[in-house]
Amino acid sequence: MPCSPSPCDLCRHPSPMALGRVQGRPMSQCPACRQIVVNPSHWPTRVQEKTRYDLHDNRWDNPGYREYLGNIAGHFRSFINQPCRVLDFGSGPESVLARLLRQSGQDAVAYDPLYNLPLPPATPPFDAIILCEVFEHLRDLNSELLLIRQSLAPNGLLYLRTELLTPGQLPATWWYMNDPTHLRFLCPESLIFLARRLNLEVRQTDHRKWALLGPLQCEIKN
Ligand SMILES: [Zn+2]
């Protein structure tokens with residue numbers, strides 16, 4: 001199996017292995033952290049990416065979207081027992097998740113450069129950062145992880161939601177890869193490498209679609 005010319009941007013392994021074309025796009029997988037990345041030559045342009053996002057009705061007035069994020073907000077809140085300063089990283093156009101969290105007493109703000117929502121001051125740093133269906137879209141992973149680490153309190157929490165490639169799931173038939181704006185994919189074992197890059201550790205995960213990285217500034221229940 002040929003090697004990809006670029007080192008893995010998650011764990012820095014020098015030789016990700018080319019997977020060939022998967023659902024029409026060339027991809028490589030790191031033999032160490034198992035991250036799969038679409039060859040950057042097949043990434044959409046920023047304009048193509050935003051055109052695709054704008055097809056989604058990710059607005060406050062969409063009750064289905066509010067309900068979807070309401071469930072996620074509730075899941076996030078289940079891990080904390082006191083108000084936190086929370087950053088919704090890659091929030092989308094209307095900061096819906098941050099608004100829902102504010103309604104439940106969290107000091108939540110949104111950041112999304114694609115929608116001209118600038119990074120709020122990280123002074124003091126955030127107690128928690130949420131990446132909800134964002135990781136798979138990240139382009140410059142090193143810069144984004146640096147920004148996350150700099151914005152997060154030393155003992156802060158990262159709540160991650162991205163579909164994980166589970167054992168037995170074939171990439172060729174995995175629906176999550178059938179989206180041109182999804183550029184990178186994690187396996188459950190990748191989480192430990194992501195946590196390591198952020199000087200955190202994996203606290204909880206369902207090995208399927210969410211993970212909680214800590215240590216926490218906010219105390220974990222149970
Ligand atoms: Zn790797």
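You'll find the structure just up there.
In what follows, the accompanying structure is described. Since the model is a prediction, treat every value here as computed from it, not as a measurement.

**Digging into the overall build of the protein chain**
A count of helical and extended segments in the protein chain gives five helices and ten strands. The C-alpha radius of gyration computed for the protein chain amounts to 17 Å, which stays within 12% of the reference 17 Å derived for 222 residues, consistent with globular compactness. On the principal axes, the C-alpha backbone points of the protein chain span a range of 50 × 35 × 30 Å. In the protein chain, buried positions account for 34% of the 222 residues. By sequence separation, contacts in the protein chain at least 24 residues apart represent 57% of the contacts at least 6 residues apart.

**Considering the pairing of strand β5 (residues 107–111)**
Note that strand β4 (residues 85–89) and β5 share five bridges and pair parallel. Counted as the bridge partner of Leu 87 is Val 109 from β5. Each parallel crossover has a hand, and for β4 linked through helix α3 (residues 96–103) to β5 it is right-handed.

**With respect to the sheet that holds strand β9 (residues 201–205)**
Spatially, the six strands line up as an open sheet ordered β5-β4-β6-β7-β10-β9, and their pairing is mixed. The strands lining the two open edges of the sheet, one partner per strand, are β5 and β9. For this sheet, the mean inter-axis angle between neighbouring strands, taken without regard to orientation, is 20°. Helix-sheet contacts for α3 involve β4, β5 and β6 (126–132), and the interaxial angle to β5 is about 175°.

**A few points about the nonpolar core**
Within the largest apolar cluster, 53 residues are counted, with the highest numbers of intra-cluster contacts made by Leu 97, Ile 129, Ile 130 and Leu 158. Leu 97 has contacts with Leu 69, Ile 72, Ala 73, Asp 88, Ser 91, Ile 130 and Cys 132, leaving out every residue within four places of it along the chain.

**Some thoughts on the pairing of strand β2 (residues 25–29)**
Pairing of strand β1 (residues 17–22) with β2 involves five bridges; the strand directions are antiparallel. Bridge assignment links Met 17 to a residue of β2, and that residue is Gln 29. Counting the residues between successive antiparallel strands, the hairpin from β1 to β2 contains two residues, one of them, Gln 23, with a positive phi of roughly 50°. If you look at the hairpin formed by β2 and strand β3 (residues 36–38), you'll find six residues sitting between the two strands, and Arg 34 has a positive phi there, around 75°.

**Here's the deal with the sheet that holds strand β8 (residues 184–185)**
Sheet strands pair via backbone hydrogen bonds, and the direction of the pair is either parallel or antiparallel. Spatial strand order, β1-β2-β3-β8: four strands in an open sheet with antiparallel pairing. Pairing within the sheet leaves two strands with one partner each, and these edge strands are β1 and β8.

About the criteria used
- Residues numbered from 1 in each chain as written.
- Predicted model: local features only at pLDDT ≥ 70, side-chain atom pairs only at ≥ 80, totals over all residues.
- Helix = DSSP H or I, 4+ residues; strand = E, 2+ residues; numbered from the N terminus.
- Rg over C-alpha atoms; globule rule 2.2 N^0.38 Å.
- Buried ≥ 20, exposed ≤ 12 C-beta atoms within 10 Å, placed from the backbone.
- Contact = placed C-beta atoms within 7 Å.
- Pairing = 2+ DSSP bridges.
- Right-handed = clockwise from strand over helix to strand, strands pointing away.
- Axes fitted to C-alpha atoms, helices over the stretch in contact; angles between N-to-C directions.
- Core = buried A, V, L, I, M, F, W, Y, C linked by C-beta atoms within 7 Å.

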